[in-house]
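Report on the structure
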Amino acid sequence: MSNKEFLELAGVPVIVHPPANLSLPAPLIVLWHGFGIPNSEELLAEVLPLQEVQAWKAYLGLPGFGKRLPEGGIDEIARKQLEDYVLKLLLPISEQAMQELPNVVEALQEKFPIDNKKGIGLFGFSAGGITALLTLLESSLPIRTIVLAGVTNNLLSAVDAYERGTKHYYPELTEEQIKYRWSEASEIAKKRLDFVARASEVVKRQAIPAMLFVHGSQDEVFPVNQIEELYKTIAQHYEEDNQSERLCLKIFENLEHQIDLEAAKNSPDLKQDITQLQQVVTDWFNQNLC
């Protein structure tokens, strides 16, 4: 078998990396990229090949990205973002990806000799991390472990990041044009994506998942104090259930929001952080899933 396979399963573009040892049982890990680098399944597979992990790794393309760009391409994505970032872009993409996942998992299990006894692992970066958190809270899939990189703690933070980014990339727009207009529907979404308020739901799963947060201390999109707040809130519930060892936060001093291998070529400190992140994620999955 080649080192990787490029497939389309249940209508979703997928890159599959085989386990470290094909002769041994291997569960499944599903990985979602973000809106920023790595912003495709190809780039995420390069950032996190997880070659030493005894699992099947499936890197999924998010709806509306890569091979599934809408008619009009990036311009159409930008239009939706400016029209309603929450209801036209972020939430529909996360919702669709979550709804697609069971069929993709089933297709992967039919095609590859995946060990189903151990449940599955999830990884999500940034917007893909929002999707992974939403899936953890609302999906019935047997998620045994989850890794969240550069994720936010609530929708308000994501909207704030959208407004700051829009001001930077569209300096011709006025403050009034940039400011997000909350509606009844987006207020409902705000409650749904308030992961701090919903932290207690994590430990209500039949099997409490092993959860790892990895975050850059220089993250300019989602400041590290936000993820520290989410981690501390979840930690209280893990402690109550005597599961503290199954929750971890790792902060990388030189890492910004994006996990950019190209940028790391010119920064030894960033390269070291990304290498350490790769090893931390590898070890977490090996210890808590495989």
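Description of the structure in this document.

Rules used in this analysis
- Residues numbered from 1 in each chain as written.
- Predicted model: local features only at pLDDT ≥ 70, side-chain atom pairs only at ≥ 80, totals over all residues.
- Heavy atoms only, no water.
- Helix = DSSP H or I, 4+ residues; strand = E, 2+ residues; numbered from the N terminus.
- Rg over C-alpha atoms; globule rule 2.2 N^0.38 Å.
- Buried < 20%, exposed > 50% of the residue type's maximum accessible area, 1.4 Å probe, protein only.
- Contact = heavy atoms within 4.5 Å.
- Areas by Shrake-Rupley, 256 points an atom, 1.4 Å probe, with all protein chains shown as cover.
- Axes fitted to C-alpha atoms, helices over the stretch in contact; angles between N-to-C directions.
- Parallel < 35°, antiparallel > 145°, perpendicular 65-115°, else oblique.
- Left-handed = near helix turned anticlockwise from the far one by under 90°.
- Nonpolar A, V, L, I, M, F, W, Y, C, P; charged D, E, K, R; others polar.
- Salt bridge = Lys/Arg side-chain N within 4 Å of Asp/Glu carboxyl O.
- Phe/Tyr/Trp six-rings, centres within 6.5 Å; stacked < 30°, edge-to-face > 60°.

**Details of the overall build of the protein**
What the protein contains, in helices and strands, is 9 helices and 8 strands. Its C-alpha atoms give the protein a radius of gyration of 18 Å, near enough to 19 Å, the size a compact globule of 290 residues would have. Counting across all 290 residues of the protein, residues that qualify as buried make up 53%. Taking all contacts inside the protein whose residues are at least 6 apart in sequence as the whole, residues at least 24 apart take part in 75%. Carbon and sulfur atoms make up 48% of the accessible area of the protein, which amounts to about 13300 Å² in all.

**Remarks on the side chain of Glu-100**
Locating Glu-100 in the fold gives a position in helix H2 (residues 73–111). Each residue touching Glu-100, except ones within four places of it in the same chain, is listed here: Val-12, Pro-63 and Arg-68.

**Let's talk about the packing of H2 against helix H3 (residues 127–138)**
Where H2 contacts H3, the two axes come as close as 9 Å, and the packing angle between them is 55 degrees. Considering the angle they form, H2 stands oblique to H3. Crossing handedness for the pair H2 and H3: right-handed. Contacts from Leu-90, Ser-94, Ala-97, Met-98 and Leu-101 of H2 reach H3 at Ala-127, Ile-130, Thr-131, Leu-134, Thr-135 and Glu-138. Each residue belonging to the contact of H2 with H3 can be placed in one class, and the counts come to 7 nonpolar, 3 polar and 1 charged.

**Details of the packing of H2 against helix H6 (residues 184–192)**
Between H2 and H6, the least distance of the axes is 11 Å, while the angle of their chain directions is 45 degrees. What the angle tells us is that H2 and H6 run oblique. Note on packing geometry: the crossing formed by H2 with H6 is left-handed. Every residue of H6 that contacts H2 at Val-86, Leu-87, Leu-91, Glu-95 and Met-98 is listed here: Ala-185, Ser-186, Ala-189 and Arg-192. Among the residues forming the contact of H2 with H6, the class breakdown is 6 nonpolar, 1 polar and 2 charged.

**Side note on the pattern of salt bridges**
The tally for this structure, following the rule as stated, stands at 15 salt bridges. Asp-160 is paired through a salt bridge with Arg-164; the nearest N and O atoms lie 3.0 Å apart. Within this pair, Asp-160 and its partner Arg-164 are both found in helix H4 (residues 155–169), separated by 4 residues, close to a single helical turn. Since its relative accessible area comes to 35%, Asp-160 is described here as partly exposed. Across the pair Arg-198 and Glu-201 runs a salt bridge whose closest N-O atoms are separated by 2.9 Å. For Arg-198, a relative accessible area of 12% gives the class buried. One salt-bridge network, in which partners are shared between bridges, spans Glu-95, Glu-138, Arg-192, Arg-198 and Glu-201.

**Structural notes on the packing of aromatic side chains**
One pass over the structure, following the stated rule, counts 4 aromatic pairs. Geometrically, the ring pair formed by Phe-35 and Phe-65 is stacked, given 5.0 Å between the ring centres and 15 degrees between the ring planes. Taken together, the positions of Phe-35 in the loop between strand E3 (28–32) and helix H1 (41–47) and Phe-65 in the loop between strand E4 (56–60) and H2 put the pair 30 residues apart, joining distant regions of the chain. Phe-65 sits in the buried class, given a relative accessible area of 14%. Seen from their ring centres, Tyr-85 and Tyr-162 are 4.8 Å apart, and the 5 degrees between their planes marks the pair as stacked. Of this pair, Tyr-85 sits in helix H2 while Tyr-162 sits in helix H4; the two residues are 77 residues apart in sequence, bridging distant segments of the chain.

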